[in-house]
Amino acid sequence: MLPLLLISTVPAFTLLLVAPATKPCAKLARELGLLALLLATELLRHATAAGSRFLGRDRGARTTMPAPPPPSWPKPPAAALAAVTAGEAAEVTTTPAAADAAALPLLDLPELALDRVLEELSPASLAAMACVCAALRGRCSADALWERHLRAKWGRVLGAAARKEWEAELGARAARACAPRPARRRGWADSLACAWPFSWIAGRWLNKGDFSAAVAAEPAPATVNAPVTAPPADTVAAWYRALECGEFWFPAQVYNREQDGHVGFVLSCYDAHLRYDRRTDTFTARYPPHGRKPAKEEDGVQWSRLRSPPVGTPAHDLHASDCLEALRPGDHFEIQWRKNKDFPYGWWYGVVGHQASWNAHEHLCRCHEDDTIVLEFQHYAPGSRWRQTTVSRKDHRETGDETDGFYGGIRKLQTKDEISTWRRFWPADVLN
């Protein structure tokens, strides 16, 4: 019967080749020919499978040797639990018994004990454990676990602005997912294939485009032992993965921007958007455009040159100074400065100086009582026009001109850690 069925498809295939030139007839002929070929292929596949099953039953009837019993895998020993606690979750998940959630002694632990075990896992091991079963997937994706890892690695460079932009990114992704897709015009063969009982025609014929799109959109693994499926998008685990894979540009600030080719940014800190490169363990920084100049990018930015923004003031806005009354000579500060009105502000490090009338031999300094504050940038040589400036203590606003730039808001450094971080970037030679 099968040869007759194949022979019956010859006229349809011939009709496909010699279809008339008119569009309606040509389209109908091609669809009929294609349908015949698909039908023949599907029946041939089912016939081959049926023949294989028949030969298998016949061969089984003639043999007298009983089939060997399936192997019985022992439950993982107690040492496996210790391995999980040590962070070797991937080795435990490779045992055959790990495929069955009921056979895992790990799930028999009390709730608090299981949570304690998961807290000891590294991000890579935690992601691997999430692949074991549905029960562990939910537990290993808990925000409480990933918040700890997020703070440990990313807490120093992520601020409130980064979290706000991530939430905006989630909203944009949800909007794109809900947006209606353009409908594809379906032919007569498409409609018939949808109703066909064989899955091969519908799956291979209709889902080719969707499958290609899914492969193109499949995210890269976050770690070497990454799970097959990504964590839910609204979890901290998803944010951690997006940061590790460089899929999310987050806002932060960079010390000494363009340090390889521009000494004019020494002891400054500028806003930028950054993307992580896990192969080099460095960042790519994208700085906002300066006036009419396009945005610049800098590769190879080290972790030590990054910080989260200490204040929420945008780069083009004037920071409200609330520390002027408390500033004394010797206090460390950072001040906004920009070249002209079109440029964004950067933060520059300095120290409060004494008034010119102050006598070093005087026992008591009264410079803090003066309405003028002397700001010194001691990494510049004495006599340099960048060495010193003054601001009003009572009514400070943006001051300056197009020649020397514009000075904005002032922020007093409160901790030794902040001061030592700035001092690490002190230049080897005095600048002019």
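Residues numbered from 1 in each chain as written. Predicted model: local features only at pLDDT ≥ 70, side-chain atom pairs only at ≥ 80, totals over all residues. Heavy atoms only, no water.

In the nomenclature of an unreviewed UniProt entry, the protein chain corresponds to F-box domain-containing protein from the organism Urochloa decumbens.

Here we look at unusual backbone geometry
Non-glycine residue Asn256 carries a positive phi angle of around 50 degrees. Within the secondary structure layout, Asn256 lies in the loop between strand S1 (250-255) and strand S2 (268-277). The exposure class of Asn256 is buried, given its relative accessible area of 8%. Even without being a glycine, Asp281 presents a positive backbone phi close to 60 degrees. One can find Asp281 in the loop between S2 and strand S3 (282-286). (Helix = DSSP H or I, 4+ residues; strand = E, 2+ residues; numbered from the N terminus. Buried < 20%, exposed > 50% of the residue type's maximum accessible area, 1.4 Å probe, protein only.)

Overview of helix H5 (residues 111-119)
What H5 keeps buried is the set Leu114, Val117 and Leu118. Taken around the axis of H5, the buried residues stretch over an arc of 95 degrees, which confines them to a single face. (Arc of directions from axis to C-beta.)

Observations concerning the packing of helix H8 (residues 143-154) against helix H13 (residues 236-244)
Where H8 meets H13, the closest approach of the two axes is 8 Å, and the angle between their N-to-C directions is 30 degrees. The orientation of H8 with respect to H13, classified from their angle, is roughly parallel. At the point where H8 passes H13, the crossing takes the left-handed sense. Residues Asp143, Trp146, Glu147, His149, Leu150, Lys153 and Trp154 of H8 form the contact with H13, whose participating residues are Val236, Ala237, Trp239, Tyr240, Leu243 and Glu244. Tallied by class, the residues present in the contact of H8 with H13 amount to 8 nonpolar, 1 polar and 4 charged. (Axes fitted to C-alpha atoms, helices over the stretch in contact; angles between N-to-C directions. Parallel < 35°, antiparallel > 145°, perpendicular 65-115°, else oblique. Left-handed = near helix turned anticlockwise from the far one by under 90°. Contact = heavy atoms within 4.5 Å. Nonpolar A, V, L, I, M, F, W, Y, C, P; charged D, E, K, R; others polar.)

Digging into the pattern of salt bridges
According to the stated counting rule, one finds 24 salt bridges in the structure shown. Here Arg116 ties to Glu119 by a salt bridge, and the two come within 3.9 Å at their closest N and O atoms. Taken together, the residues span about one helical turn, with Arg116 and Glu119 both in helix H5 at a distance of 3 residues. Taken together, the salt bridges that share partners define one network made up of Arg307, Glu334, Arg411 and Glu418. (Salt bridge = Lys/Arg side-chain N within 4 Å of Asp/Glu carboxyl O.)

Some details on the packing of aromatic side chains
Two numbers describe a pair of aromatic rings. These are the distance of the centres and the angle of the planes. Under the counting rule described, the total for this entry stands at 21 aromatic pairs. Seen from their ring centres, Tyr276 and Phe283 are 5.2 Å apart, and the 50 degrees between their planes marks the pair as tilted. Given a relative accessible area of 6%, Tyr276 falls into the buried group. Note on Phe283: relative accessible area 1%, which makes it buried. For the pair Tyr349 and Trp422, a centre-to-centre distance of 5.7 Å together with 20 degrees between the ring planes defines the contact as stacked. Here Tyr349 is found in strand S7 (residues 346-353), whereas its partner Trp422 is found in helix H14 (residues 416-423), with 73 residues between them in sequence. Each of the two residues, Tyr349 as well as Trp422, counts as buried. Through a chain of ring-to-ring contacts, the aromatic side chains of Trp154, Phe250, Tyr276, Phe283 and Trp303 assemble into a single cluster. Against the face of Phe406 rests Lys341, its NZ or CZ located 4.6 Å from the ring centre. Over the ring of Trp426 we find Arg423, and its NZ or CZ is 4.3 Å from the ring centre. (Phe/Tyr/Trp six-rings, centres within 6.5 Å; stacked < 30°, edge-to-face > 60°. Lys NZ or Arg CZ within 6 Å of the ring centre and 35° of its normal.)

Brief notes about the pairing of strand S8 (residues 372-376)
Counting buried positions over the 5 residues of S8 gives 4, a clear majority of the element. Here S7 runs beside S8; their pairing, made up of 3 bridges, is antiparallel. Note on S8: the bridge partner recorded for Val351 is Glu376. Here S8 runs beside strand S9 (residues 388-392); their pairing, made up of 5 bridges, is antiparallel. Pairing of Thr372 across the sheet is with Ser392, part of S9. (Pairing = 2+ DSSP bridges.)

Side note on the packing of helix H9 (residues 160-178) against H13
The geometry of H9 relative to H13 is characterised by a closest axis approach of 12 Å and an angle of 105 degrees between their N-to-C directions. Taken together, the axes of H9 and H13 are roughly perpendicular relative to one another. Here H9 contributes Ala162, Arg163 and Trp166 to the contact with H13, which in turn contributes Ala238, Trp239 and Ala242. Considered class by class, the residues forming the contact of H9 with H13 number 5 nonpolar, no polar and 1 charged.

Considerations on the nonpolar core
Within the largest apolar cluster, 40 residues are counted, with the highest numbers of intra-cluster contacts made by Trp154, Leu158, Phe250 and Phe283. Tallying contributions element by element places H13 first for this core, with 7 residues. Residue contacts for Phe250: discarding those within four places in its chain leaves Trp154, Val157, Leu158, Ala162, Leu243, Ala272, His273, Leu274 and Phe283. (Core = buried A, V, L, I, M, F, W, Y, C linked by side-chain atoms within 4.5 Å.)

Quick notes on the side chain of Arg257
Here Arg257 is to be found in the loop between S1 and S2. The buried category is assigned to Arg257, whose relative accessible area is 3%. A polar contact is formed between the side chain of Arg257 and the side chain of Glu258, at a distance of 2.4 Å. (Polar contact = N/O pair within 3.5 Å; in protein donor to acceptor, adjacent residues only side chain to side chain.)

A few points about the side chain of Glu298
In this fold, Glu298 is placed in strand S4 (residues 297-301). In terms of polar contacts, Glu298 uses its side chain to reach the backbone amide nitrogen of Glu258, at 2.9 Å. At a separation of 3.1 Å, a polar atom in the side chain of Glu298 contacts the side chain of Arg305.

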